[in-house]
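Single-letter residue listing:
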Amino acid sequence: MIRHTLRSLATLLFAALVGSIVVFVLVNMLGGDIVTVLLGKEAGPGDVQFMRDELGIDRPLVVQYLDWLRGVATGDLGTSYGMGYDIFDEIVRRLEPTLMITLGGLLVSIPLALLLGTYSATNAKKVRGGVIDVFSQVGVAIPAFWAGLLLVLVFAVRLGWLPTGGYVPLSEDPIETLRSIILPVMALSLGVTAVFTRYVRTAMIDVMNEDFMRAAMARGRTRRGAALFHGVRNASIPLVTVAALQFGQLIAGAVVVENVFVLPGIGRLIVTATLGREVVVVQSLALVIMLFILVLNFLVDIAYGFLDPRIRDKAESQ
Amino acid sequence: MLEIRDLRVHIDGHEIIHIDELDLPPGARLGLVGESGSGKTMTAKAIAGLLPAEAKVSGTVRFDGNDLLALNDAQFARIRGKRIGFVFQDPARSLNPMMRIGRQVSEAIRLHTDLKGRAITDKVVELLTQVQLPDPASLVRRYPHQLSGGQQQRVMIAAAIAADPELLIADEPTTALDVTVQAEILRLLISLSEERQMSVLFVSHDLGVIRYVCDRVAVIYGGHVAETGSVDDVIDRPRHRYTSALLAANPGMPKDDDFAAFMGQRLHTIPGSVPAVGRFPSGCRFRNRCGHASAACASIPSPVTGADGHRYSCWNPGGED
């Protein structure tokens, strides 16, 4: 178990390093001259050169990359060219709404999908199971921004129960925080729940046909008892993988949903920073998102070992 | 102990099994024998209520006076594991890969008895000792993939007899195992059955194995009982043409002095293969593959019963009483 964990950790660190290089290179290849953006086309050559020196963008890429990495590590990424905010502080400040809606989305969609998928699997040949299949088909097809607009129209504009957008930080008023994320979380979870429901259904149907399920029934388990005590854990291996992949979907969805609901999160910052050619901001945000996903994959790796003794033994013997 | 009357299994509108009459006396060991696809395994699973939901089962299976087929899932679950144990063909697939051995062996004990905590562990260790597994105390904490095939099947047997059932159904319990391990498992099943006065329904395609383990046998073909009786009657004095064909297809054992002759002998095969579901001929189900079929075979043969319950359904029986 310890060796398995250490190996996963080493993979995580290596992947993060490679990923940071890829992010840096890609963003710097995007093109667009920041100096022209800042000074305008009529700026004299002397001013332009002064600005380039000031920003340090004439230095070799390797130096710029290392400088950026040191900034990430020390929490000093400089200030935004256009808006003048402190980049590191701004990213940290904007993590909260994004984490709230993505984790909220996970918290809503995974249990819901487990429930719906298992129900659909145990009633696979009946109308009750079919209704859930139709729901998940429709859910997959509805885009998050459209679902978001629809939710705003009904619950915020027509009924007036919830705010149309904006975000109240947890430290100010937790109740308002919850109210402000309900609609975004709903819009975000819809598609993820639908997709995950289908995976749960397939995994449970596969497991229900396993010989050991019949063996459990032969020892006196009812069908439902066998599904609960033997099925869920065996179905969980493929589901954990899919859940981690779905988290990537949630972050992508967050960019859209934050813009629909005007939430001051990572997703909105990405859009404004990209439009403003804020190279350091964009590459730092890309790094943050990548780290999110890498850490999640690391946790999934560890979870495999906990769930499946065969994987644990294999990792130990290597 | 077990009285089967008019047991029928339908899947997708096809009648797969029709066992008109078959009894298992208390303490006896009854073998079900037949080719792949003959319906022997499905018969065993129908008796234990372990067929998938799409199989429609009708008729009566009296177990100690109660009709098993009249029970719902929850009622049946109270009998399975407690009074009827079941051992499956493939132990590697029949053990839950994510659950410790001890947990699986103790499952029937937890479900059907009042034992708690320490007493359960003691009982599990005692069971593992009974099925002759080494170091039972540490075995309970291990997982199925850490055991060999033979050990896994011993664990399955321990789990099946954990709540002291009166009947053990063993569905080809040695087919997936090495030949040397096979003999050990068969010996174990026989001695457990004798020590515990436990009846056994033993499913196999191997008449030699059946003769070794059982005292009675039913030859199954196309979901019907072709012939049944004591092992000696059926194997030494077969009447049904299918039984003789099955026996002829068995090469037996080489004699010590003449291995070359054994290897050189022509093997008899049964012509054709078991028809697909719904493709069996009318009348006697074996007649399209039988060397002795006549016009009479187009109608269903009625069973003939001889001495010691030796019963067969054949229009042109071989041998003599």
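Just so it is clear, the model here is predicted, and its values are computed rather than measured.

Participant: What exactly am I supposed to notice about the overall build of chain A here?
Facilitator: The number of helices and strands found in chain A is 13 helices and 0 strands. In chain A, the succession of α and β elements from N to C terminus is α-α-α-α-α-α-α-α-α-α-α-α-α. C-alpha atoms of chain A, sized along the principal axes, occupy 85 × 60 × 35 Å. For chain A, the residues scored as buried account for 33% of the 318 residues in total.

Participant: Would you explain the overall build of chain B in this entry?
Facilitator: Per the secondary structure count, chain B includes 13 helices and 12 strands. In terms of overall dimensions, chain B is globule-like: its C-alpha atoms have a radius of gyration of 21 Å, near the 20 Å expected for 321 residues. Seen through its C-alpha atoms, chain B measures out along the principal axes to roughly 65 × 55 × 35 Å. Residue burial in chain B is summarised as follows: out of 321 residues, 44% are buried. Sequence separation of 24 or more characterises 63% of the internal contacts of chain B that already satisfy a separation of 6 or more.

Participant: Explain the interface of chain A and chain B to me, please; I cannot follow it from the model alone.
Facilitator: Reports of interface size often rely on the accessible area that becomes lost once the parts have come together. Contacts between chain A and chain B engage 19 residues on the former and 25 residues on the latter. Of all elements in the fold, only helix H9 (211-218), helix H10 (223-260) and helix H13 (309-317) of chain A reach the threshold of two or more residues within the side of chain A that touches chain B. No other element matches H9 of chain A, which puts 7 residues into the side of chain A that touches chain B. Looking at the side of chain A that touches chain B residue by residue, the classes come out as 7 nonpolar, 4 polar and 8 charged.

Participant: What am I meant to see in unusual backbone geometry here?
Facilitator: Residues apart from glycine generally show negative phi values, whereas peptide bonds are mostly found in trans. Phi angles above zero are rare outside glycine, and Val262 of chain A is one such case at about 50°. Within the secondary structure, Val262 of chain A is located in the loop between H10 and helix H11 (266-275). We classify Val262 of chain A as partly exposed; it has 14 C-beta atoms within 10 Å. The phi dihedral of Asp12 of chain B falls on the positive side, at around 50°, and the residue is not glycine. Positionally, Asp12 of chain B belongs in the loop between strand E1 (2-11) and strand E2 (14-24).

Participant: I keep staring at the sheet that holds strand E12 (residues 311-312) of chain B and nothing clicks. Help me out?
Facilitator: Note on sheets: strands pair through backbone hydrogen bonds, and any given pair is parallel or antiparallel. With mixed pairing, the 8 strands of this open sheet are ordered in space as E6-E7-E8-E3-E9-E10-E12-E11 (chain B). Because the sheet does not close on itself, it has two edges, and the strands there are strand E6 (84-87) and strand E11 (304-305) of chain B.

Participant: Help me understand H9 of chain A in this model?
Facilitator: In an α-helix there are 3.6 residues to a turn, and that puts residues three or four apart on one side. Burial within H9 of chain A is extensive, with 7 of its 8 residues counted as buried. One or two steps after H9 of chain A, the chain reaches Gly220 of chain A, where phi turns positive at roughly 120°.

Participant: Is there a simple way to think about the domain arrangement of chain A in this case?
Facilitator: Partitioning chain A into structural domains gives domain 1 (2-74) and domain 2 (90-275). If you average the C-alpha positions of domain 1 of chain A and of domain 2 of chain A, the two centres end up 35 Å apart.

Participant: How do you make sense of the sheet that holds E2 of chain B when you look at a structure like this?
Facilitator: Residue and element names in this part refer to chain B. Ordered in space as E2-E1-E4-E5, the 4 strands form an open sheet in which the pairing is antiparallel. Of all strands in the sheet, those with a lone pairing partner are E2 and strand E5 (66-67), marking the two edges. Across 2 bridges, the pairing between strand E4 (residues 55-63) and E5 is antiparallel. By the bridge assignment, Arg62 is partnered in E5 with Asp67.

Participant: Can you walk me through the environment of Ala108 of chain B in this structure?
Facilitator: Within the secondary structure, Ala108 of chain B sits in helix H5 (residues 107-112). Taking the C-alpha atoms as reference points, Ala108 of chain B and Ile161 of chain B, 53 residues apart in sequence, are found 8.5 Å from one another. Residues within four places of Ala108 of chain B in sequence aside, it is in contact with Arg219 and Gly220 of chain A together with Gly81, Lys82, Ala159, Ala162 and Ala163 of chain B.

Participant: Is there a simple way to think about the confidence of the model for chain A in this case?
Facilitator: When pLDDT is low, close inspection of the predicted coordinates is not appropriate. Residues of chain A with pLDDT of at least 70 account for 98%, and the chain-wide mean is 84. Mean pLDDT in chain A bottoms out at helix H2 (residues 34-39) of chain A, which sits at 72, and peaks at H9 of chain A, which reaches 94.

Participant: Teacher, can you tell me more about the nonpolar core here?
Facilitator: Generally speaking, a soluble globular protein has its nonpolar side chains buried in company with each other. Within the largest apolar cluster, 146 residues are counted, with the highest numbers of intra-cluster contacts made by Ala158, Ile169 and Val219 of chain B. Counting contributing residues per domain, this core is built from domain 1 (2-74) and domain 2 (90-275) of chain A, each supplying no fewer than three. Excluding residues within four positions of it along the chain, Ile169 of chain B makes contact with Ala44, Ile47, Ala48, Ile84, Phe86 and Leu201 of chain B.

Participant: Mind showing me how you'd approach the pairing of E1 of chain B here?
Facilitator: Each regular strand shows side chains that alternate between the opposite faces of the sheet. Residues and elements named next belong to chain B. Pairing of E1 with E2 involves 9 bridges; the strand directions are antiparallel. Paired with His10 across the bridge in E2 is Glu15. Two successive antiparallel strands, E1 and E2, enclose a turn made up of 2 residues, where Asp12 displays a positive phi of approximately 50°. Examined bridge by bridge, E1 and E4 share 8 bridges and lie antiparallel to one another.

Participant: Explain the environment of Gln146 of chain B to me, please; I cannot follow it from the model alone.
Facilitator: Residues and elements named next belong to chain B. Relative to the elements of secondary structure, Gln146 occurs in the loop between helix H7 (136-139) and helix H8 (149-160). Take Gln146: there are 14 C-beta atoms within 10 Å of it, and that puts it in the partly exposed class. In this structure, the C-alpha to C-alpha distance between Gln146 and Gly27, residues 119 residues apart in sequence, is 35 Å.

Criteria and thresholds
- Residues numbered from 1 in each chain as written.
- Chains lettered and ligands numbered in written order.
- Predicted model: local features only at pLDDT ≥ 70, side-chain atom pairs only at ≥ 80, totals over all residues.
- Helix = DSSP H or I, 4+ residues; strand = E, 2+ residues; numbered from the N terminus.
- Buried ≥ 20, exposed ≤ 12 C-beta atoms within 10 Å, placed from the backbone.
- Rg over C-alpha atoms; globule rule 2.2 N^0.38 Å.
- Contact = placed C-beta atoms within 7 Å.
- Nonpolar A, V, L, I, M, F, W, Y, C, P; charged D, E, K, R; others polar.
- Pairing = 2+ DSSP bridges.
- Domains from an automatic or database assignment.
- pLDDT = per-residue confidence, 0-100.
- Core = buried A, V, L, I, M, F, W, Y, C linked by C-beta atoms within 7 Å.

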